[in-house]
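What follows is each chain in one-letter form.
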Amino acid sequence: MTLKFSPPTVTIFQDYAFSLLWVGGWCLDLKFPPGFQFGAATSAYQVEGAWNVSDKGENIWDSMLHSNPSLISDGMNGDVSCDSYHQWRTDVQMAHNLGLHFYRFSVSWSRILPTGFPNRISEDGAKYYNKLIDGLLKKGIEPVVTLYHFDLPQSIQTLGGWTNPLIADWFADYARIVFSLYADRVKTWITINEPLIMCDHIYNLGNVVPMVHEEELGPFLCNKNVLLAHAKAWRIYDEDFKPQYNGKLSIANNPIWLDPASEKDEELTELAREFGAGRYSDPIYSAEGGWPPSIEKIMAEYSKKQGYPYSRLPSFTDEEKKLIQGTYDFYSLNHYTARLVREAHKNETPGPWFVAGSKELNAVLEIDPTWAYTDLSYLAVAPKGIRRQIKWLKDRYNNVSILITENGFATRDPDLYDTGRINFIRDYLKEILLAIKEDGANVIGYTVWSLMDNFEWMFGYSLKFGLYSVDFKDPQRLREPRASAFFYSSVIKHHSLDIPHSSHQYHHLKRKNLIQDKTSATSRIRVNCELMLIYTLSLAYILVKTMLITMVSFQAVVLCALFTRTWGIDLTFPRNFKFGAASAAYQVEGGWNADGKGESIWDRYVHEHPEVIKGGATGDVAADSYHRWRDDVRAATKLKLQFYRISINWPRILPSGFTNEINQAGVKYYSDLIDSLLEAGIEPIVTLYHWELPVKIQDLGGWANPLIVKWFGDYSRVIFSLYANRVKTWLTMNEPVAVCDYVYNSGLYAPGVKEPFFGPYLCNKHLMLAHAKAYRIFDEEFRPKYTGKISLANNVLWIEPLTANDTELAQLGREHQTGRYSHQVFSTKGGWPPSVEKVMLEYSLKHGFKESRLPPFTKEEIEFMKGTADFYGMNYYTTNLIRRAKPGEDYGVWFFTGSPELDAILEYPLDAYYGESPLLPIVPKGLRKELAWLKEQYGDIDFLITENGLSTSSYNLADYDRVKYMKEHLEQILLSIKADNVSVIGYGAWSLIDNFEWLGGYGTKFGLYEVDFEHPNRTRTARASAYYYSCIIEKRSLDVPDSCFKKNYPVHNIRTRETEPKKCPNSGYVLTNSGHCLNIFPLALSFILSKL
């Protein structure tokens, strides 16, 4: 006769049989040691909900899932989740009814610090955790608090997150605040949860929020920074809080246990254990500190093999080793699964660590086919792994106390009758008992993941880990105990695995609730919150149509004649003055993915956010200069240019951004272009960086990460080694004020990040240091052999006071806009402008920061940057007026509308006129004033105007407006040279050809040559301005006849803001063709002095 049991009956029978066999047959004690504690765990984002309640800040999960809901398998997010923010009393009651000794939960960084930084502490956020902690203590449950469980403030992720070394200090600031709030009651702390997931999994796969895929440096930078952040938090607690409150603190590691696939894989498997567990444990727990020596060795060898000049595993300084070593009171172990390790077969490429293998180790990870599975396939059930992992830690780290802080079973079935979970908990607890009783391990506690079903990261609500089920369709998020809750409660009650089982108890689950009767008025806590998921993104496009003043060319000739014949002023340019034009790689090259080129931030930005660019345009083809560079050289030759300024596309040369791989096709492209220019007698001026940052470097924090100084130095050395034998004039950076201030204040340019607190100023500092690094490399390694000059190209905004009362404010505005990117290099004292240092410190302290948001320079850094320029590269486009802000007035975005730090508003001059861009009022006299101010600030230095140009909108060859613009600005340059004795050595028109004009796409035109972007050959055609400029270059004078450039083009007008004809104040002024009143006495004086 065959007995047939239903699955539940079979399971219960097996439980009895196992218990009898273990106790009766082997006579092992199934009781846990005295003092052994049982708990359960959750984390903030996974259960709290209330994502925007009160003043909570946005974290990386909030941000990513609102913008990309499809990332999650069920399309859900954690906006409400279990609603534990409101239902914490229910959670406490559940923990109490289970009989938990402790409940592990995490603090949401952005709920306590809405900005991510310590300038503001949320009273409501602090109150929530106070209530939860006090509620647990009243029930006799110890709160075990995790400071960080994956929910990084978005503001900090924007600055590079865990790959930015500065995060160690930001985390320490956060930790200190949390300790100060709760250390009087919380006695057990976890600093960081599962760094192996945060670093290795996220950066190697890129499929978990924040969705950053950078497997070369990301995992290892993150690894180091996590350890430093943990250590700083531990030291703060140890020195400032432990003496008074006597608590314990650790970091929760989640190593996967690794067994060899065969005997020959024993050595490789131990190496893999050190690569996984050892990298996150040795620096803290080992007697020597630092990385496991075997991992240091293999990483150095593999990095060299890849072409890196240094190990991808960042080294620790002696001070860092000492800081990290010994920062523990116990070992916090999260454990779920195991793997087998074998050497990769010939021609087999290991998958990503730690899911499938490791290229560095040439190892493959596999699941033993005999192991059982959870409903999450990569979490195979291998209970023996936890015992072996515990023993490995015991032997390696001197029998350290171990607290199991997570262990759990995943299902997709919401059924309350979860016998699989019961088996899992029982089997793993059995192995823990064996580790204690047979191996002598000091395991002090066990934690089930998790107390209740929750938002399981990329799986949303489709995966269940909870002892309690949660009905996520119920507005009150009803919790009900599963069979595993009864089982675990019984284990805790009996402090043993030798517990009675009752099938009757399990079959009546639906009628019994560990919380209370479902009909009770208090059994469901109603959700009284309304979710506001309203996101507004508004871009104000001010469409300005331009009209030319009739007969511009006629007036130009009349004014020229007035200058030369009436006053006898020499309109010729000095002999050493050079004329050129400019372009930039992304704006003209196209070939965005051609011939091995890597991806830049603009490639990614325009592909992911076409709605931001006018017409949804991209630079994928642009003017196709990658293939049609000969056309560009011909255009430059016809203009008779003396120089052509180009930029190098960083990822076209270094596809990854790093020097491990040099793209020879990219090298050849720029080499051919440079050679062709030289053959035509045109000097190539090369910009190293014109906004085309490799995405891999941006994903590591970009310009907010101090390591970019080294990375840019490495890149510049490669470029110098390739082209310094032919290129004699270099620019390191183009418009750092746009790279830093505009990008981080507005978030509208690639890479599309917005973080106005620290972003602009960290970027500012690192960019200036990177410039200096490149300069020093050139000066020491290349200039002695090749000669040459090098500088950076600043985008200067001339700022005038609106009224006489705003004179000091205008000076401060200039220092804030131009001085922050010049003073370090060109002043005799170096460093930040003192006035800016003062105002930034005062503003920072006033707004809750304990120090200035403007990062300081060390003495060594000040000296390093001083004098790192051979001339001043200057882009000039516009002038603004400045005034004090009115109470409550919106400052907008610096450097376009205002500055909260300066309490200032920028306005446009009333006498300005406009091209296509409403953001660039045209004020030619501002150029001269800026040159005079810079000379006054920094002495007699050479100035090269590296950009200056007019934006127009339509296809139009008769661009007399651009002729007028160019003439008026060149007039101001001549005045600077001849009247103000400023050494201006050249002028570069922006731009040689129409191109991709950033947010303006192809609707904005700056080119001397028109480009037909609808034609497959991107035909270039000279505009009137090209002929005009060619005439000036040929004659080296502004005194050129109309016949030089006047063609059969229609004439149109430029719009001005003036409604009444302007009159000049007295006879000493001449009304120019732009409507400006020009003081002509300096011209006359210059003429007289030149004759003396």
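Below is a short write-up of the structure.

Reading the values: the criteria
Residues numbered from 1 in each chain as written. Predicted model: local features only at pLDDT ≥ 70, side-chain atom pairs only at ≥ 80, totals over all residues. Heavy atoms only, no water. Helix = DSSP H or I, 4+ residues; strand = E, 2+ residues; numbered from the N terminus. Buried < 20%, exposed > 50% of the residue type's maximum accessible area, 1.4 Å probe, protein only. Areas by Shrake-Rupley, 256 points an atom, 1.4 Å probe, with all protein chains shown as cover. Contact = heavy atoms within 4.5 Å. Disulfide = S-S within 2.5 Å. 1 Å grid on protein atoms, 1.4 Å probe; cavity = no way out; pocket = protein on both sides within 12 Å on 5 of 7 lines; lining within 4 Å. Points joined across faces, edges and corners; volume = space filled by probe spheres on them. Axes fitted to C-alpha atoms, helices over the stretch in contact; angles between N-to-C directions. Parallel < 35°, antiparallel > 145°, perpendicular 65-115°, else oblique. Left-handed = near helix turned anticlockwise from the far one by under 90°. Nonpolar A, V, L, I, M, F, W, Y, C, P; charged D, E, K, R; others polar. Pairing = 2+ DSSP bridges. Core = buried A, V, L, I, M, F, W, Y, C linked by side-chain atoms within 4.5 Å. Phe/Tyr/Trp six-rings, centres within 6.5 Å; stacked < 30°, edge-to-face > 60°. Lys NZ or Arg CZ within 6 Å of the ring centre and 35° of its normal. Right-handed = clockwise from strand over helix to strand, strands pointing away. Polar contact = N/O pair within 3.5 Å; in protein donor to acceptor, adjacent residues only side chain to side chain.

## Let's talk about the overall build of the protein
In step 1: Helices and strands together make up the secondary structure of the protein, namely 36 helices and 30 strands.
In step 2: The burial tally for the protein puts 63% of its 1092 residues in the buried class.
In step 3: For the protein, the exposed area adds up to about 41,000 Å²; of that, 53% sits on carbon and sulfur atoms.

## Structural notes on the environment of leucine 944
In step 1: For leucine 944, the location among the structural elements is in strand S25 (residues 943-947).
In step 2: Classification of leucine 944 as buried rests on a relative accessible area of 6%.
In step 3: Separated by 367 residues in sequence, leucine 944 and phenylalanine 577 have C-alpha atoms that sit 9.2 Å apart.
In step 4: Setting aside residues up to four positions removed in sequence, leucine 944 forms contacts with Phe643, Ile685, Phe871, Tyr872, Gly873, Met874, Ile985, Gly986 and Tyr987.

## Details of unusual backbone geometry
Phi is mostly negative for residues that are not glycine, and the peptide bonds are mostly trans.
In step 1: Put simply, valine 209 and proline 210 share a cis peptide bond, and its omega is 20 degrees.
In step 2: Residue position: proline 210 is located in the loop between helix H9 (195-205) and helix H10 (218-240).
In step 3: With an omega dihedral of 20 degrees, the bond running from tryptophan 894 to phenylalanine 895 counts as a cis peptide bond.
In step 4: Secondary-structure assignment places phenylalanine 895 in the loop between strand S22 (872-884) and strand S23 (898-899).
In step 5: Of note, tryptophan 457 is a non-glycine position whose phi angle comes to about 50 degrees, a positive value.
In step 6: Within the element layout of this structure, tryptophan 457 appears in the loop between strand S14 (443-449) and strand S15 (468-470).
In step 7: For tryptophan 457, a relative accessible area of 12% translates into the label buried.
In step 8: A positive phi is found at alanine 622, a non-glycine position, where the angle reads about 50 degrees.
In step 9: Within the secondary structure layout, alanine 622 lies in the loop between helix H21 (601-608) and helix H22 (625-639).

## Looking at the state of the cysteines
A disulfide bridge is the covalent bond that connects two cysteines by way of their sulfur atoms.
In step 1: Scanning the model with the defined rule gives 3 disulfides in all.
In step 2: The partner cysteine of cysteine 740 in its disulfide is cysteine 763, sulfur to sulfur 2.0 Å. Between cysteine 740 and cysteine 763, the disulfide has an S-S torsion of -70 degrees and is therefore left-handed. Pair noted here: cysteine 740 is in helix H27 (residues 736-746) and cysteine 763 is in helix H28 (residues 759-786), with a separation of 23 residues, a long-range link.

## Concerning empty space enclosed by the protein
In step 1: Within this structure, the stated rule accounts for 15 cavities of 30 Å³ or more.
In step 2: Its volume calculated, the largest cavity comes out at about 110 Å³.
In step 3: If you go around the largest cavity, you meet 14 residues; those closest to its centre are Ile601, Tyr689, Val739, Val743 and Ala750.
In step 4: Within the residue set of the lining of the largest cavity, elements represented by two or more residues are H21 and H27.
In step 5: Looking at which element gives the most residues to the lining of the largest cavity, the answer is H27, with 4 residues.
In step 6: The space that makes up the second largest cavity amounts to roughly 100 Å³.
In step 7: Taken together, 13 residues line the second largest cavity, and the ones lying closest to its centre are Pro255, Ile256, Leu258, Gly276 and Ala277.

## Observations concerning the packing of H9 against helix H12 (residues 266-285)
In step 1: Running from amino to carboxyl end, H9 crosses H12 at an angle of 130 degrees, the nearest separation of the two axes being 11 Å. As the angle between them shows, H9 and H12 are arranged oblique. Judged by the sense of rotation from one axis to the other, the crossing of H9 with H12 is right-handed. Across from Pro195, Leu196, Cys199 and Asp200 in H9, the residues of H12 making contact are Gly276, Arg279 and Tyr280.
In step 2: Residue composition of the contact of H9 with H12, by class: 4 nonpolar, 1 polar and 2 charged.

## Description of the sheet that holds strand S6 (residues 257-260)
In step 1: Strand order in the open sheet formed by 4 strands is S6-S8-S10-S9, and the pairing between neighbours is mixed. A strand with exactly one partner marks an edge of an open sheet, and here the two such strands are S6 and strand S9 (357-358).
In step 2: Examined bridge by bridge, S9 and strand S10 (residues 363-366) share 2 bridges and lie antiparallel to one another. Residue pairing for S10: serine 358 is matched across the bridge by alanine 363.

## What about the nonpolar core?
In step 1: In terms of nonpolar packing, the biggest core is built from 320 residues, with Trp61, Trp162, Trp189, Trp602, Trp703 and Trp730 touching the most fellow members.
In step 2: At 13 residues, the largest contribution of residues to this core is made by H28.
In step 3: If we skip the residues at most four places from it in the chain, tryptophan 703 touches Tyr689, Leu693, Ile708, Phe712, Met733, Val739, Tyr744, Leu762, Cys763, His766, Leu767 and Ala770.
In step 4: Counting residues in each nonpolar core, the second largest holds 9 residues, with Tyr877, Tyr913, Leu950 and Trp990 among its members.

## A word on the packing of aromatic side chains
Two aromatic rings are characterised by how far apart their centres lie and by the angle between their planes.
In step 1: For the structure shown, the criterion picks out 87 aromatic pairs.
In step 2: On the basis of an interplanar angle of 15 degrees and a centroid distance of 6.3 Å, the ring pair of tyrosine 237 and phenylalanine 241 is categorised as stacked.
In step 3: Exposure remark for phenylalanine 241: the relative accessible area of 10% places this residue in the buried category.
In step 4: Judged by centre distance (6.0 Å) and plane angle (55 degrees), the rings of phenylalanine 757 and phenylalanine 849 are tilted. Taken together, the residues phenylalanine 757 in the loop between H27 and H28 and phenylalanine 849 in the loop between helix H31 (834-846) and helix H32 (859-865) connect sequence positions 92 residues apart.
In step 5: Clustering of aromatic rings is evident, with ring pairs tying together Tyr586, Trp602, Tyr605, Trp691, Tyr742, Tyr749, Phe895, Phe896, Phe996, Trp998, Tyr1002 and Phe1013.
In step 6: Over the ring of tyrosine 913 we find lysine 964; its NZ or CZ atom is 4.3 Å from the centre of that ring.
In step 7: Between the NZ or CZ atom of lysine 1005 and the centre of the ring of tyrosine 955, over which it lies, the distance is 4.0 Å.

## Digging into the pairing of S25
In step 1: Counted residue by residue, S25 has 5 buried out of 5 residues, so it is predominantly covered.
In step 2: With 3 bridges connecting them, S25 and strand S26 (residues 984-990) associate as parallel partners. The partner of isoleucine 945 across the bridge, within S26, is tyrosine 987.
In step 3: Traced from S25 through helix H34 (residues 960-978) to S26, the parallel crossover comes out right-handed.

## What to know about the side chain of threonine 952
In step 1: Structurally, the position occupied by threonine 952 is in the loop between S25 and H34.
In step 2: Judged by its relative accessible area of 9%, threonine 952 falls in the buried class.
In step 3: A polar contact of 3.1 Å, which involves the side chain of threonine 952, links it to the side chain of arginine 962.
In step 4: Not counting chain neighbours up to four residues away, the residues in contact with threonine 952 comprise Glu916, Asp961, Arg962, Gly1003, Thr1004 and Lys1005.

## Remarks on the environment of asparagine 223
In step 1: Tracing the backbone through its elements, the reader meets asparagine 223 in helix H10.
In step 2: Residue classification places asparagine 223 among the buried positions, given a relative accessible area of 0%.
In step 3: Through-space distance from the C-alpha of asparagine 223 to that of proline 195 is 7.0 Å; in sequence the pair is 28 residues apart.
In step 4: Look past the residues within four positions of asparagine 223 in its chain and what remains in contact with it is Cys199, Arg279, Tyr280 and Trp291.
In step 5: Only 2.8 Å separates the side chain of asparagine 223 from the side chain of arginine 279, close enough to count as a polar contact.

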